[in-house]
Amino acid sequence: MAVDKLHVVLSAEDVRKYPFLPEALERVRYLGLTIEDIAAPLLRSVVERAAKYLEAAIDSLELPPPSEDCDEEALAYLVSLLILKIISDKMLIRRFSVAFSKRVFRLLLSEDNSKVAYVLSQLGLRVKLLGAAPSGYTFAINVFDYIENIPERRGQWKLAHRLVEAGWVLASKVEAVRLGEEALKKAVEERVEGLRVDGVRIPDAIYSLAEVISRKWSIKLREIREAWASEAPRGGEFPPCIRAIIDDLKAGKNIPHSARFALAAFLLNVGMSVDEVLEVFKSAPDFNERVARYQVEHIAGMRGSGKRYSPYKCDNMRTLGLCVAECGVKHPLQYYWRSARRGAQGGQAAQQ
Amino acid sequence: MGRPPSSEVALRLFRSYYRSLKADEVNVTELSRREFAFSYFGEEGMHRHIAFGSTVQLLAHLAERAPRHAFYSTAYYRDPAAKNMDEKGWEGSDLVFDIDIDHVETPCKELHDRWVCKSCGASGWGAPLACPRCGSESIERHAWVCETCLSVASDEVLRLIELLESDFGLSGDEMLVTFSGHRGFHVHVEAPAVRELNQDARREIVDYIRGVGLEPDYMLVKARGGYRLRAETYGWYGRCARWAIVKAGVENPTLSKREWEDLLRECVKREAVAVDERVTIDTRRLIRLPGSLHGKSGLRVARLSVQDLEGGSVLDKVKVFIRGEAVVEFEGEPPRRILDLEVGYSTRVLPLYAALYLLLNGAKLSKFELK
Ligand code: SF4
Ligand SMILES: [Zn+2]
Ligand SMILES: [Zn+2]
């Protein structure tokens, strides 16, 4: 599947907006700048900017616009990743990647098509520009790259609803940019994962920022956990598979759609309301209230077919790779009801 | 307690087969990164977490142990012999499709499948979903395959290949098509482009192939007097457009929402391929080893070409013990047709491959002797 080479000349302006591009790294290298010897005045502004980004990611998921200075921006991006690596909290990394990708989404929308295509290709998406666009679409995305990066597995994004041919999916500019946003989230996380900090002499200014951010994050985390605690199960005990999904969610892992479905259907079936279930999903960094509400209401049978979905049986959980124990039950709900009954009997025994 | 004599015979036959098996009949790409698993005659359970450095080593093991069932992983692992998943180190997985005769409608099930209702004890021919007498779904089934079901399922495989080529841009030489050894077919896509796909992405592919979740609202545009298709040449739109021509007699007709819904339903029914979702989304699955024999049929998990599937020569590729005969006596009523043979209560002498199939798939025999 040969993809035409895209001819795009990147300017300093592009590096400033897209500091994840290889050109940005090249530039930092060209300037001879390594973390160990950023000069004091530049270091201060770089650290200040990284602080702004990380704090914004924690508070609101909205990053301020990029710096006017392209070297400062490229370095601030790297320093942010470095600090994320030092703290190494999956959920925080996810929050940053979500916030950062969202900003890139907005910037990319105002670029011309060939620049968009270039940035997407740098994110690993095989992409073609369509000159005379049939049906008004200007982009074609490799089908496998497409399905790996769909933001929502329904509606217009469902592959069956797309114009698909010979391994390519047609997409509008907004859609292409949105796919790029998803790819970027993953790329940022992989980037942090892949950083090696041992053996690197890290300037004190960066270390102390890491401490500040880490403290701020643990406060935020406590708030999230408290919201969680008030959602503790009534009655029965959750089976290990459901607890594992909840733990992953809390740890900010990107949990697959099947796990989200299993969790939502389970919680609804043990009597939680749609709002209570949404509260549980809220700690996911890519939480989108509108989409999540739609999905949960759908599972609850308030939309679409009107039928309430029951959670997967253990057999299905196993094939989905979601079963984590052998509980001797056929259904995760059975585990819950059993323990609830045991709890109730225990209570009676104590009264006698 | 000794080994039952039937497995004695089967073991001997399997061993003779494996001793002459050639390396090019075992089609395993990157063999040293795969996990293997076997079960053996006269033993319970499955031996897992086995790895081989080369095809030669694998062949030696097959010749020595003549396993009853042989599997390998669709996944590639850093250390395929490690006992747990974390240590194994998953490094991608082929994209695999399973087409099972059970999920394809065939007329011949009446001729060879038996059922017994566990609730009321009724029994009969065919493959009903629920007991026709009491409605219970707990039914015990005894299923067999014949030429007819294999050819219906072959058509399904051909449509899958067509769809993978036309819509997903895959080429025939990126696919390995095999007989599953008993009740269906496997299509292994080994292209690097698919190896890293996660479960969600694989599910999207399955939904596409099965036409799951197709909603007219996303496919239609308003036109004067009704609706038309948004496009006519791509993917499901193209399939739908072809059906519309058949149904309405004109290209891209303007129809009501209701008419489009009916048309779409019919189009999906005819054009979707009944692949087993669980197999495709499982990225750590064990699957039949190409070139091995299936322990419930004695048939070969043979590699098949499009020509084999089109020309109906599947059975020729998968029958192994075509020379020799066996004398059998039935205890109960035998399936009326198996593979390419008609069978009856009074049948006494059968070709070896057919007799072995009856023996391995649990027909009640009071006599089985090699002639
Ligand atoms: S056995 Fe069932 S309840 Fe227990 S972890 Fe597995 S899926 Fe969950
Ligand atoms: Zn019955
Ligand atoms: Zn048949």
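None of these values were measured; they are calculated from a predicted model. (Residues numbered from 1 in each chain as written. Chains lettered and ligands numbered in written order. Predicted model: local features only at pLDDT ≥ 70, side-chain atom pairs only at ≥ 80, totals over all residues. Heavy atoms only, no water.)

**Here we look at the nonpolar core**
Rules: Side-chain atoms within 4.5 Å are what join buried Ala, Val, Leu, Ile, Met, Phe, Trp, Tyr and Cys residues into a set we call a nonpolar core. Only protein chains enter the area calculation, which uses a 1.4 Å probe; residues under 20% of their type maximum are buried, those over 50% are exposed, and those in between are partly exposed. Residue contacts are counted whenever heavy atoms from the two residues lie within 4.5 Å of one another.
In this structure, Phe20(A), Phe36(B), Phe97(B), Leu164(B) and Phe168(B) are the most contacted members of the largest nonpolar core, which totals 230 residues. Residue contacts for Leu164(B): discarding those within four places in its chain leaves Phe97(B), Gly169(B), Leu170(B), Met175(B), Val187(B), Val189(B) and Ile209(B). Counting residues in each nonpolar core, the second largest holds 5 residues, with Trp115(B), Cys117(B), Ala122(B) and Ile139(B) among its members.

**Let's talk about the coordination of the zinc ion (ligand 3)**
Residue and element names in this part refer to chain B. The criterion, for reference: Atoms of type N, O and S within 2.8 Å of a metal are treated as its donors, and for Na, K and Ca the window is 3.2 Å; water is not considered, so some sites may appear to be missing partners. Only two sets of limits are used to name each site, 85 to 135 degrees for every angle of a tetrahedral four-donor site, and over 155 degrees for opposite donors with all other angles from 65 to 115 for a square planar four-donor or octahedral six-donor site, with any other site named irregular.
Each protein donor to the zinc ion (ligand 3) is listed here as Cys-108 (SG), His-112 (NE2), Cys-146 (SG) and Cys-149 (SG); together their distances run 2.1 to 2.3 Å. Coordination geometry of the zinc ion (ligand 3): the 4 donor atoms subtend angles of 105 to 117° at the metal centre, consistent with an arrangement described as tetrahedral. If you list the donors of the zinc ion (ligand 3) from N- to C-terminus, the spacing comes out as C-x3-H-x33-C-x2-C. Judged by its relative accessible area of 0%, Cys-146 falls in the buried class.

**Side note on the pairing of strand β12 (residues 220–223) of chain B**
All names here are of chain B. We apply this condition: Pairing between strands is defined by DSSP: at least two bridges between them are needed. Secondary structure elements follow DSSP: runs of H or I no shorter than four residues count as helices, runs of E no shorter than two count as strands, and numbering proceeds from the N terminus.
Sheet topology note: the β12/strand β13 (residues 226–229) ladder contains 4 bridges and is antiparallel. What sits directly across from Leu-220, in β13, is Leu-229. Here β12 folds back onto β13 in antiparallel fashion, the turn holding 2 residues, of which Gly-225 has a positive phi close to 85°.

**What to know about the coordination of the zinc ion (ligand 2)**
All names here are of chain B. Protein-derived ligands of the zinc ion (ligand 2) are Cys-117 (SG), Cys-120 (SG), Cys-131 (SG) and Cys-134 (SG), with the metal-ligand distances lying across 2.3 to 2.4 Å. Seen from the zinc ion (ligand 2), its 4 donor atoms lie at angles of 107 to 115°, and the figure they make is tetrahedral. Ordering the donors of the zinc ion (ligand 2) by residue number gives the pattern C-x2-C-x10-C-x2-C. Within this pair, whereas Cys-120 is found in the loop between β7 (114–117) and β8 (123–125), its partner Cys-134 is found in the loop between β8 and β9 (139–142), the two being separated by 14 residues in sequence. Owing to a relative accessible area of 39%, Cys-134 belongs among the partly exposed residues under this scheme.

**Considering the interface of chain A and chain B**
Interfaces are frequently sized by the accessible area removed from exposure as the parts join. This is how the line gets drawn: Computed with a 1.4 Å rolling probe, the buried area is the accessible surface lost when two parts are put together, summed over both parts. Between Lys or Arg on one side and Asp or Glu on the other, a salt bridge is scored when a side-chain nitrogen of the former is within 4 Å of a carboxyl oxygen of the latter.
Opposite the 29 residues of chain A that make contact, chain B presents 35 residues. Between chain A and chain B lies a buried interface of about 2800 Å² when both sides are counted; carbon and sulfur atoms form 58% of it. When residues of chain A are sorted by the area they lose upon contact with chain B, Phe144(A), Ala160(A) and His161(A) head the list and together hold 24% of the total. For the pair chain A and chain B, the number of links is 2 salt bridges.

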